[in-house]
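# Topology and contacts: notes
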Amino acid sequence: MKKIVIALVGQPNVGKSHLANAISGSNLKIGNFAGVTVEKATARLSTEDFAIEFIDLPGLYSLEDFSADEKVTKDFLLTGEYDLILNVIDSTNLDRNLMLTTELMELQKKMVIALNMDDEAIKEGININSDAMSKILSIPCVRVSSKLKTNIDLLVKQILHVTKNSLVTPKLVYSDEVEEQLQTIVRFLDDKHFRSPNSLSNRQIAVGLLWQKKEIYALMHEQPLYIELQPLLNNALGHVYMYCQCDDIEEVINRQHTAFAAGLGAEVLSVSKVKNRNLTQKIDTLLIHKLFGLPIFIFLMWGLFQLTFTLGEIPMGWIEDTFGWLGETIGESITNEALKSLIVDGIIAGVGSVIMFLPNIMILFLGIALLETTGYMSRAAFLLDGFFHKFGLHGKSFVPLVTGFGCSVPAYMAARTLKNKKDRLLTMFIIGFMSCGARLPVYVLFAGAFFEESMAGNALFAIYIIGALMGLIAAKILRVTAFKGEDEPFVMEMPKYRLPSLKLLWFVVYSKSIMYIKKAGTFILLASMLIWFISSYPKNILIEEEYATKIEALQAQLEEAAPAEKTEADSEAKAIEEATANAEIKEPASIEDAIAALENEKHEKLVERTYLGIMGKAIEPAFAPLGFDWKMGVATLSGLAAKEVIVSTLGVLYSLGDEVTEEDTSLREIIASNISLASAMAFIVFVMVYLPCLAATAVFAKEAESLKYTVYLVIFTFATAWILAFITYNIVNLLA
Amino acid sequence: MVDLSQINKNQKVLIKQIHAQNTLKKRLFSLGLGVGKEVEVVETSLQKNTIKVALGFSAVALRFDEAKMIEVEAR
């Protein structure tokens, strides 16, 4: 079976991914493209035994490396290995899309053009004569609609046809004067029998030289004939400048391309009625309104977090019950104590506490996907740029920052849309302040434990807002200290509002959920087992026995129903002496209470002597000023692996260390009764700010291309988190 | 010289020249803000930080600083 690699290229918002999805149906798999983290979507099509592989390149307006992700696309097109370019065009905006097409044509590669969004174009009365266009360009052009799936088969047929046949040079014609100069250069190269080492045609070289492309200059500069070529080139450029009455080559190129695109448009495009087109305009008069725009935006965000909490609450209860039931049922059927503890307290408690938050995660990712696909994201950037600019950020920083609410990993990658390196790094430093989806379980747990149900959604919203505000302040501080420099210009397209395809939305939410479940099933499962192990071993039989005798003694007294003095208690260890003292004080109340207290103390002492306890005790002094007990300290450390692990660690630690009775099973209640409000708030603040998980940090290092900045990130986030948590702890303590 | 930042809302103008540096100029070109194009200012933000202009079938958002670099001529 022959493999065809197709580079999907197009301007942003033309529906590239959607088209790939439509072509391949449900066979589409998205994975990471080795090296440059471009998403590679692979689809296997059985037609004629060809396997088609799509490389979904980031959208770009032109082949100039304006931003880092556009550079990725450009580099791939110039040096990557692929069989053909599938140029996706938004039919409702042919003029501007053709500007990129003309640049792609200059690459002299096999190419097929998909005139996408045909359904929308028809509605707006736009008709493109694709046959005429194919003839003019010598490139097959197919009108398709990824939404209605029209002409998809024809497109695939054209792709196969072009792949099987040899390259037909695309016809890109410049104005007569430019063509004349190109001819002169080509003739010179031909006369010298020049053959380019990387199989570029002489016309391509001539175009590259005239357009002053760096790569071509570098290539030609090494050739001996450059000495003779140079005066010729000078002369040609002079003619072109004179003709265009302009001495900026970029402007000349732009005019040439515009003229070609306009000419082509005039030949193939006919617009019959002007209808529907102003819908976006009408929505925008409200959504980016001077006064109402921002309040509407804040309301939408608030709604999203309310929904995340209230709607997510319902299935959360079911999942919690299911895992509770599962734990009990399995627990009853296992006789081996150690194995039972591993499965019930380790695996089920750990994985269950993470899976429980799946509904919240799904709603959050759906919200972010909606923001992105409808086109509202760029409106938000428009609204916020003024505000962001004051803090030294860029309106476009909004996109990676919002993505950061989902997961920091794609957020770091999304920061590539920022051109300026300093703006990009600054934004990446701030992304951590946008609480990612993995931190959501921690917040939901604590918000649920310390706030009324009606207030929990607001508390959640407040946590996110406060995090974001702290991020802005940190941005300002970094901007005036570490990242001084010029501002990046704010120029950005406002795409049309579009109703997203349900299929694509489902695809996004589904793939994120699967990723989350996989993580829970593998990584978090292992982490839960590890934490269970280090929190159960080494077993301390001595303490167990001592407490057992103590409890037995009390029980015996209870049976006698005589509140006698209790001086005969064996006092072998100091710890037990203390315990006895405690028990004696409590004795007048009730012996049963004393037994329960002893039971708790036994667990406490046991856990403290495990590996985890020893580790926790060692780091406790560092966290003590924040009001964290050693369990919370350990949880924050384990959260470095993945933030969800914080919850599973707490789940394992508190279900082992405390008496879990029938009426007190929920982790939320255990936490509410074991942790003070001040410590809890400090804990939330710490989790909000401290280093994103290790995976995200690795991506940061890769994207920032600098070890130095990665080290800064680690120090910066830990220091900020500690200081802010310290302040929070003390303020809440003062107020309470 | 009249630049785009001085244009009132809902006014249509022609782009005469772009006084931006290399990269920014290319970006403006590729977003459709070419010399000779007709544009309309459709929205400005509260503190006059950003403006939205409509051109042909698309719309572009700019900061006022960038709008100042675009020389225009009223129709």
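A brief report on the enclosed structure follows. Everything numeric here is computed off the predicted structure, so don't read it as measured data.

Time to look at the overall build of chain B. A tally of regular secondary structure across chain B gives two helices and five strands. N-terminal to C-terminal, the α/β element order of chain B is β-α-β-β-β-α-β. In terms of overall dimensions, chain B is globule-like: its C-alpha atoms have a radius of gyration of 11 Å, near the 11 Å expected for 75 residues. Looking at chain B as a whole, 45% of its 75 residues are labelled buried. Considering only residue pairs separated by 6 or more positions, chain B has 55% of its internal contacts joining residues 24 or more positions apart.

Within helix H1 (residues 16–24) of chain A, nine of the nine residues are buried, which leaves it mostly tucked inside the rest of the structure. Of all the positions in H1 of chain A, only Lys16, Ser17, His18, Leu19, Ala20, Asn21, Ala22, Ile23 and Ser24 of chain A are classed as buried.

A word on the sheet that holds strand S3 (residues 50–55) of chain B. Taken together, six strands build an open sheet; the order of strands is S10(A)-S4(B)-S3(B)-S2(B)-S1(B)-S5(B) and the sheet is antiparallel. Two strands close off the open sheet at either side, each with one partner strand: strand S10 (491–494) of chain A together with strand S5 (70–74) of chain B. With strand direction ignored, the average angle separating the axes of adjacent strands in the sheet is 40°. Note that strand S1 (residues 12–18) of chain B and S5 of chain B share five bridges and pair antiparallel. Within S5 of chain B, the residue paired with Leu14 of chain B across the bridge is Glu73 of chain B.

Let us look at the pairing of S3 of chain B. Residues and elements named next belong to chain B. Along S3, five of the six residues are buried, which leaves the element largely enclosed by surrounding structure. Where strand S2 (residues 38–44) meets S3, four bridges bridge the pair, whose relative direction is antiparallel. Across the sheet, Thr44 pairs through a bridge with Ile51, a residue of S3. The turn joining S2 and S3, which pair antiparallel and follow one another in sequence, is formed by five residues; a positive phi near 55° is taken by Lys48. As defined by bridge partners, S3 adjoins strand S4 (residues 58–63) across six bridges and the pair is classed as antiparallel. Within S4, the residue paired with Lys52 across the bridge is Ala61. With antiparallel pairing between neighbouring strands as the criterion, S3 and S4 make up a hairpin whose turn holds two residues, including Gly56 at a positive phi of roughly 55°.

This paragraph deals with the interface of chain A and chain B. Residue-level contacts link 28 residues of chain A with 30 residues of chain B. With five residues, the single largest contributor to the side of chain A that touches chain B is helix H16 (residues 376–390) of chain A. Considering only residue class, the side of chain A that touches chain B consists of eleven nonpolar, eight polar and nine charged. Where S10 of chain A lies against S4 of chain B, four bridges are found, and the strand directions are antiparallel. Bridge pairing links Met494 of chain A to Ala59 of chain B in S4 of chain B.

The next thing to look at is helix H5 (residues 130–137) of chain A. Residues and elements named next belong to chain A. If you check which residues of H5 are buried, you get Ser130, Met133 and Leu137. Projection of H5 onto a plane perpendicular to its axis shows the buried side chains occupying an angular sector of 55°, all on one side. On its buried face, H5 is in contact with strand S6 (111–116), strand S7 (126–128), strand S8 (141–143) and helix H11 (249–268). One or two steps after H5, the chain reaches Ser138, where phi turns positive at roughly 60°.

Quick look at the nonpolar core now. Within the largest apolar cluster, 191 residues are counted, with the highest numbers of intra-cluster contacts made by Ala7, Leu8, Ala114, Tyr412, Ile684 and Phe686 of chain A together with Val60 of chain B. Not counting residues within four places of it along the chain, the set of residues in contact with Tyr412 of chain A comprises Met428, Ile431, Ala696, Val699, Phe700 and Glu703 of chain A. Counting 15 residues, the second-largest nonpolar core is a separate cluster that includes Tyr174, Val207, Ala236 and Ile253 of chain A.

Once that is clear, we can look at the environment of Ile723 of chain A. Residues and elements named next belong to chain A. In this fold, Ile723 is placed in helix H33 (residues 707–735). Judged by local crowding, Ile723 falls into the partly exposed class, with 13 C-beta atoms found within 10 Å. Each C-alpha atom, one on Ile723 and one on Val685, is 9.8 Å from the other, the two residues being 38 residues apart in sequence.

The rules behind the values
- Residues numbered from 1 in each chain as written.
- Chains lettered and ligands numbered in written order.
- Predicted model: local features only at pLDDT ≥ 70, side-chain atom pairs only at ≥ 80, totals over all residues.
- Helix = DSSP H or I, 4+ residues; strand = E, 2+ residues; numbered from the N terminus.
- Rg over C-alpha atoms; globule rule 2.2 N^0.38 Å.
- Buried ≥ 20, exposed ≤ 12 C-beta atoms within 10 Å, placed from the backbone.
- Contact = placed C-beta atoms within 7 Å.
- Pairing = 2+ DSSP bridges.
- Axes fitted to C-alpha atoms, helices over the stretch in contact; angles between N-to-C directions.
- Nonpolar A, V, L, I, M, F, W, Y, C, P; charged D, E, K, R; others polar.
- Arc of directions from axis to C-beta.
- Core = buried A, V, L, I, M, F, W, Y, C linked by C-beta atoms within 7 Å.

Shape is all these values report; function is a separate question.
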